[in-house]
Amino acid sequence: MSESETPRLDQLETGPWPSFVSEIKKMAGRKPAARDLLRQMELSYKDRVTHWKHGGIVGIRSYGGGVIGRYSDSPEQFPDVAAFHTIRVNQPSGWFYSTKALRQICDIWEKYGSGLTNFHGSTGDIILLGTTTEKLQPCFNELSDEAGFDLGGSGSALRTPSCCLGPARCEWSCIDTLDLCNDLTHSFQDELHRPAWPYKFKIKISGCPNDCVASIARSDLPIIGTWRDSLRIDQEEVRKYAADGFDIENEVVALCPTDALEWDEKTLTLKLKAEDCVRCMHCINRMPKALRPGLERGATLLIGGKAPIMKGAFLSWVLVPFMPMTPPYTEFKVLVRKIWDWWDENGKTRERVGEVIERLGMARFLRDVGLKPLPQMVFRPRANPYVFWRSEQK
């Protein structure tokens, strides 16, 4: 396509970083939809308003979500993006693909769509960007029947569960993130494909407290692999670090957030106050040959994380300090269904579960879902000396 059609977008190709404009231009020579996408985007930059509109609900037969309907507000000017729908495809656990699977997806999308993809969306799905209403169903049929892929979640439903690569590639993973993610995806098909809640609900799974999928900030119910017993310390390896000149006192002990470690310079011993350890992984990350997670492993569940849409960004706070995570994950599934029922009963339209808890109070939430208050749940220490009791407790 001619550069003169998109002078403003062309500027985005001049910086030091790779540009999405360059990638769309590669497809624009073969796909008219990609060319019109650039032309409409150029107009949006000129007018400083979006030229997409919401024109109704589109989808796949028997699915309530998985397709994001998108229409141009200037179809006469950009006919090839008059309808430019997005398909969310449920990714495999840990984003492991064979080259055969990737080729199948791309061949199908070349046939039915704009050829533009996003690996991956923020929820984790494969994002297929831009097709028409009449091509949605045949595209899904081939994705499902020939390539074995399902749609991901969208709308006021469970969004596609995602996880880190866990025990497949990481020695720190305390739970089998891949099996858990796969199990939950299959167990909650109705919640995933048929929106029925006040708003969206995200589950993201990290194998250890390093939280490589940033679940604490980006999901309503983060699952973080952890351990319940003590941190394991190999004192011989500790001494090797010291002999190599590693500053254990300042690089590890002084940076422990709860002062749970002590370095004995005389005996060259690293001591642990296990009751103070919050399992943050800092010491393990700094001395991986000497320190390892404990052996009694499971997960910490948190609640309420979200991006800033209605009430600003929330970081999740602790809900269950430790829960065993072994198949078939019955304890977790029972709890999460209680949470969904409570949220569905009390939530307002477009109100995330964390916002409902903030509005009604953590005490009520815990009482209604049957959990006991624990010290790990406290967001901050009490700031006043007054204690309030419910009338039935007096």
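For the structure given in this document, a descriptive report is provided here. Since the model is a prediction, treat every value here as computed from it, not as a measurement. (Residues numbered from 1 in each chain as written. Predicted model: local features only at pLDDT ≥ 70, side-chain atom pairs only at ≥ 80, totals over all residues. Heavy atoms only, no water.)

## Considering the overall build of the chain
Part 1: Of regular secondary structure, the chain possesses 14 helices and 15 strands.
Part 2: Projected onto the principal axes, the alpha-carbon positions of the chain cover approximately 75 × 65 × 40 Å.
Part 3: Considering the chain as a whole, with its 394 residues, one finds that 47% of them fall into the buried category.
Part 4: Contacts in the chain between residues at least 24 apart in sequence constitute 64% of all its contacts with a sequence separation of at least 6.
Part 5: Within the structure as shown, the chain displays about 20,200 Å² of accessible surface, and the carbon and sulfur contribution to it stands at 52%.
Part 6: Across the chain, 52 positive and 51 negative side-chain charges occur, with their mean positions spaced 4 Å apart. (Helix = DSSP H or I, 4+ residues; strand = E, 2+ residues; numbered from the N terminus. Buried < 20%, exposed > 50% of the residue type's maximum accessible area, 1.4 Å probe, protein only. Contact = heavy atoms within 4.5 Å. Areas by Shrake-Rupley, 256 points an atom, 1.4 Å probe, with all protein chains shown as cover. Lys, Arg positive; Asp, Glu negative; His and termini not counted. Charge placed at Lys NZ, Arg CZ, Asp CG, Glu CD.)

## Some details on the side chain of glutamate 42
Part 1: Its place among the elements puts glutamate 42 in helix H3 (residues 32-47).
Part 2: A polar contact is formed between the side chain of glutamate 42 and the backbone nitrogen of leucine 9, at a distance of 3.1 Å.
Part 3: Dropping the residues within four chain positions of it, glutamate 42 is found in contact with Glu5, Thr6, Pro7, Arg8 and Leu9. (Polar contact = N/O pair within 3.5 Å; in protein donor to acceptor, adjacent residues only side chain to side chain.)

## Details of the sheet that holds strand E7 (residues 162-163)
Backbone-to-backbone hydrogen bonds join strands into a sheet, with any given pair of strands oriented parallel or antiparallel.
Part 1: Read from one edge to the other, the open sheet built from 5 strands follows the order E7-E8-E9-E14-E15, with strand pairing classed as mixed. Here the strands that pair on one side only, and so sit at the sheet edges, are E7 and strand E15 (317-323).
Part 2: The pairing of strand E8 (residues 203-206) with strand E9 (residues 221-227) spans 4 bridges and is classified as parallel. Among the inter-strand pairings, isoleucine 203 is bridged to a residue of E9, identified as leucine 221. (Pairing = 2+ DSSP bridges.)

## Thoughts on the packing of helix H4 (residues 99-112) against helix H5 (residues 133-145)
Packed helix pairs are specified by the crossing angle of their axes together with the interaxial distance, meaning the distance between the axes.
Part 1: Running from amino to carboxyl end, H4 crosses H5 at an angle of 165 degrees, the nearest separation of the two axes being 10 Å. With respect to H5, the element H4 is oriented roughly antiparallel. For H4 against H5, the interelement crossing comes out right-handed. Mapping the contact onto sequence places Ile108, Trp109, Lys111 and Tyr112 in H4 and Lys135, Pro138, Cys139, Glu142 and Leu143 in H5.
Part 2: In terms of residue class, the contact of H4 with H5 is built from 6 nonpolar, no polar and 3 charged. (Axes fitted to C-alpha atoms, helices over the stretch in contact; angles between N-to-C directions. Parallel < 35°, antiparallel > 145°, perpendicular 65-115°, else oblique. Left-handed = near helix turned anticlockwise from the far one by under 90°. Nonpolar A, V, L, I, M, F, W, Y, C, P; charged D, E, K, R; others polar.)

## Describing helix H9 (residues 235-243)
Part 1: Among all positions of H9, only Glu237, Val238 and Tyr241 are buried. On an axial view of H9, the arc spanned by its buried residues comes to 105 degrees, and they lie on one face.
Part 2: Buried positions along H9 lie against strand E10 (232-233), helix H10 (248-251), strand E11 (261-264), strand E12 (269-272) and helix H11 (282-286).
Part 3: Two or three places before glutamate 236, at the start of H9, stands the capping residue aspartate 234, its side-chain oxygen 3.1 Å from that residue's backbone nitrogen.
Part 4: Once H9 ends, the next one or two residues include glycine 245, with phi positive near 90 degrees. (Arc of directions from axis to C-beta.)

## Some points on helix H12 (residues 330-346)
Part 1: Given a rise of 1.5 Å per residue, 17 residues ought to cover 24 Å, and the 25 Å separating the end C-alpha atoms of H12 matches this to within 8%.
Part 2: Every buried residue of H12 is listed here: Phe332, Lys333, Leu335, Val336, Ile339, Trp340, Trp342, Trp343 and Asn346. (Expected span 1.5 Å × (residues − 1).)

## Notes on the environment of methionine 325
Part 1: Relative to the helices and strands, methionine 325 is located in the loop between E15 and H12.
Part 2: Under the relative-accessibility criterion, methionine 325 is labelled buried at 8%.
Part 3: Between the C-alpha atom of methionine 325 and that of cysteine 212, which follows or precedes it by 113 residues, the distance is 19 Å.
Part 4: Once residues lying within four places of it in the same chain are set aside, the contact partners of methionine 325 are Ile175, Leu180, Ile223, Gly298, Ala299, Leu301 and Phe332.

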